[in-house]
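What the coordinates show
Next come the chains, spelled out residue by residue.
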Amino acid sequence: MILVGSGGYGGAVSVVKDRDEVVEQLEPFRRELTAYCYRMLGSAFEAEDAVQETLVRAWSKYAGFEGRSALRTWLYRIATNVCLDMAPAAQRRARPMDLTSPVSASALDLTRLEENLWVGPVPDARVLSGDPAEVTMGRETIRLAFVTALQKLPAKQRAILVLREVLAWSAAETAELLGTSVVSVNSALQRARSTLAESGGIPASDTYRPLDETQQSLLTRYVRAFETFDIEGLKKLLHEDAVLNMPPYQMWVRGAVELGEWWLGAGCGCRGSRMLPVEANGSPAFAQYRPAEDKNGWTPWGITVLEITDGRIATMTNHMDTDRLFPLWGLPMRLPAIGAVGA
């Protein structure tokens, strides 16, 4: 909800009424603006901050808006300016695979880097809406691989590519929003496409279809194998060159054989975990809980986002900022022991 001041006694009723009317006008745009800001910034938390700032600015300037352009266009202009201010080139977010080479499961580097370096996950419910076709399209453009690729672009090119190719704005609409020319927009879009192509493009993955029986069978087998710690069963679900990465650790592991060694070695603490399905980045995802140190149930370990290609798991990204991420999904900070009261 937008936070506003209380105002004085004189005209208080009409002022409050006006504020409520403005909020009613602005709030329906929150989710799509969050999706836009997330693609721009690569962080659900920064995206929500950017949207809140956007709506506060819009509320404070609403009296002077006067409908000179569409309300949606005006809000996107404000949101773009907020994101450009928040996204200097030196702070582009990435994934471990962008920064280092893979490590051996037997020679791990457990260096942790600052949170603001990493592309983070986002709950689907905060960024996706509309009819089934719109939701399917939205899933494709909030995938971790897609959002990570966007971060390789200068912020203004990022905005132009998202506006033109994700939101389907015309070159003229985009130019008006950014206060530039159609020629400049088209030129920037071409440079953005070239940069992405030169960096290897955006890795493809299977479109996530929650009602698809084949996909659900794969995910059921994954959860069963992980919770029973059936490492050979897990390896059968992976591509030979499957990747595991765990921000904020800069290390990552590649290959089903190496991953098997990882789980039986440094990753053996995952034995006895429980996995709860969640919706994240338009992809299959799970909240992982490890056995609690006090032996009383399970405590958060990470939000794992899976990327599936050709019916097998290609990438597992385990986001470990549990103190912030689990509340973002509305997840409990402890699962009680099976059989306990309320379990």
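Here's what I pulled together on the structure shown here.

1. Concerning the overall build of the chain
Looking only at helices and strands, the chain has 14 helices and 6 strands in total. Relative to the globule expectation of 20 Å for 343 residues, the C-alpha radius of gyration of the chain, 22 Å, shows essentially globular dimensions. Along the first, second and third principal axes, the C-alpha set of the chain runs to 65 × 55 × 40 Å. Counting all 343 residues of the chain, 48% fall into the buried class. Expressed as a percentage of contacts within the chain between residues at least 6 apart in sequence, the contacts between residues at least 24 apart total 64%. Here the chain displays about 16,400 Å² of accessible surface, and carbon together with sulfur accounts for 52% of that area. A distance of 1 Å separates the average location of the 36 positive side-chain charges in the chain from that of its 41 negative side-chain charges.

2. Digging into the layout of surface pockets
One water molecule sets the probe size; rolling that probe over the atoms shows where empty space is left. Space inside the largest pocket adds up to approximately 520 Å³. As for the largest pocket, its lining consists of 21 residues, and the residues nearest its centre are Arg95, Met97, Ala145, Pro203 and Thr315. Mapped onto the lining of the largest pocket, the elements with two or more residues apiece are helix 5 (96–99), helix 7 (144–150), strand 1 (238–245), strand 5 (298–309) and strand 6 (312–319). Of the residues in the lining of the largest pocket, the class split is 7 nonpolar, 8 polar and 6 charged. What lines the second largest pocket is a set of 16 residues, among which Glu32, Arg39, Ser129, Glu134 and Leu167 lie closest to the centre. Looking at the lining of the second largest pocket, the elements that each hand over two or more residues are helix 2 (30–41), helix 4 (71–86) and helix 6 (132–140).

3. Quick notes on the packing of helix 2 against helix 4
With their axes 10 Å apart at the nearest point, helix 2 and helix 4 run at an angle of 30° to one another. As summarised for this structure, helix 2 and helix 4 are arranged roughly parallel, according to the angle between their axes. Seen from above, helix 2 lies across helix 4 with right-handed handedness. For the pair helix 2 and helix 4, the contacting residues are Glu32, Leu33, Tyr36, Cys37, Met40 and Leu41 in the first and Arg72, Leu75, Tyr76, Ala79, Thr80, Cys83, Leu84 and Met86 in the second. Residues of the contact of helix 2 with helix 4, tallied by class, amount to 11 nonpolar, 1 polar and 2 charged.

4. A closer look at helix 3 (residues 44–65)
Every α-helix carries 3.6 residues per turn, so stepping three or four residues along brings you back to the same face. Most pronounced at Trp59, the bend in helix 3 amounts to some 40°. Within helix 3, the full set of buried residues consists of Ala44, Phe45, Ala47, Ala50, Val51, Thr54, Leu55, Ala58 and Phe65. The opening residue of helix 3, the one whose side-chain oxygen lies 3.3 Å from the backbone nitrogen of Phe45, is Ser43.

5. Here's the deal with the packing of aromatic side chains
For the coordinates displayed, the defined rule picks out 7 aromatic pairs. Ring geometry for Tyr222 versus Phe226: centroids 5.9 Å apart, planes at 45°, classification tilted. Of the two residues, Tyr222 and Phe226 are both situated in helix 11 (residues 213–227); the distance of 4 residues between them amounts to about one turn of the helix. A relative accessible area of 1% means that Tyr222 is categorised as buried. Counting every residue linked through ring pairs, the aromatic cluster contains Tyr222, Phe226, Trp263 and Phe286. Its end group placed over the ring of Tyr249, Arg112 keeps NZ or CZ at 5.0 Å from the ring centre. Positioned over the ring face of Phe45 is Arg324, at 3.9 Å from the centre of the ring.

6. So, the environment of Thr228
Within the secondary structure, Thr228 is located in the loop between helix 11 and helix 12 (231–235). The class of Thr228 is exposed, set by a relative accessible area of 54%. In sequence terms Thr228 and Phe286 are 58 residues apart; their C-alpha atoms lie 16 Å from each other. Side-chain polar atoms of Thr228 contact the backbone oxygen of Arg224, separated by 2.7 Å. Reaching out from Thr228, the side chain makes a polar contact with the backbone oxygen of Ala225 at a distance of 3.4 Å.

7. Here we look at helix 9 (residues 171–178)
Taken together, the buried positions of helix 9 are occupied by Ala171, Thr174, Ala175, Leu177 and Leu178. All buried residues of helix 9 project into a common sector of 160° when viewed along the axis, lining one side. In this structure, the buried side of helix 9 is in contact with helix 4, helix 8 (155–166) and helix 10 (182–198). Looking one or two residues past helix 9, Gly179 carries a phi angle of roughly 65°, positive in sign.

8. Here we look at the nonpolar core
Formed by 70 residues in total, the largest nonpolar core has its most connected members in Tyr36, Cys37 and Leu75. Beyond its immediate stretch of four places on either side in the chain, Tyr36 contacts Tyr76, Ala79, Thr80, Ala159, Val162, Leu163 and Leu167. Among the nonpolar cores identified, the runner-up in size contains 32 residues, and Leu234, Leu259, Cys270 and Leu306 belong to it.

9. Regarding the sheet that holds strand 2 (residues 252–254)
Strand order in the open sheet made by the 6 strands is 2-1-6-5-4-3, with mixed pairing throughout. Each edge of the sheet is formed by a strand with only one pairing partner; in this case those strands are strand 2 and strand 3 (274–280). For this sheet, the mean inter-axis angle between neighbouring strands, taken without regard to orientation, is 20°. In this sheet, strand 6 lies alongside strand 1 in parallel orientation, the contact comprising 4 bridges. Bridge pairing in strand 6 links Leu244 to Met316. Strands strand 1, strand 2 and strand 6 of the sheet are contacted by helix 13 (residues 256–264), whose axis makes an angle of about 50° with strand 1.

Analysis parameters
Residues numbered from 1 in each chain as written. Predicted model: local features only at pLDDT ≥ 70, side-chain atom pairs only at ≥ 80, totals over all residues. Heavy atoms only, no water. Helix = DSSP H or I, 4+ residues; strand = E, 2+ residues; numbered from the N terminus. Rg over C-alpha atoms; globule rule 2.2 N^0.38 Å. Buried < 20%, exposed > 50% of the residue type's maximum accessible area, 1.4 Å probe, protein only. Contact = heavy atoms within 4.5 Å. Areas by Shrake-Rupley, 256 points an atom, 1.4 Å probe, with all protein chains shown as cover. Lys, Arg positive; Asp, Glu negative; His and termini not counted. Charge placed at Lys NZ, Arg CZ, Asp CG, Glu CD. 1 Å grid on protein atoms, 1.4 Å probe; cavity = no way out; pocket = protein on both sides within 12 Å on 5 of 7 lines; lining within 4 Å. Points joined across faces, edges and corners; volume = space filled by probe spheres on them. Nonpolar A, V, L, I, M, F, W, Y, C, P; charged D, E, K, R; others polar. Axes fitted to C-alpha atoms, helices over the stretch in contact; angles between N-to-C directions. Parallel < 35°, antiparallel > 145°, perpendicular 65-115°, else oblique. Left-handed = near helix turned anticlockwise from the far one by under 90°. Bend = angle between axes of the 7 residues up to and from the residue. Polar contact = N/O pair within 3.5 Å; in protein donor to acceptor, adjacent residues only side chain to side chain. Phe/Tyr/Trp six-rings, centres within 6.5 Å; stacked < 30°, edge-to-face > 60°. Lys NZ or Arg CZ within 6 Å of the ring centre and 35° of its normal. Arc of directions from axis to C-beta. Core = buried A, V, L, I, M, F, W, Y, C linked by side-chain atoms within 4.5 Å. Pairing = 2+ DSSP bridges.

Everything listed is a geometric property; what it means functionally is a separate question.
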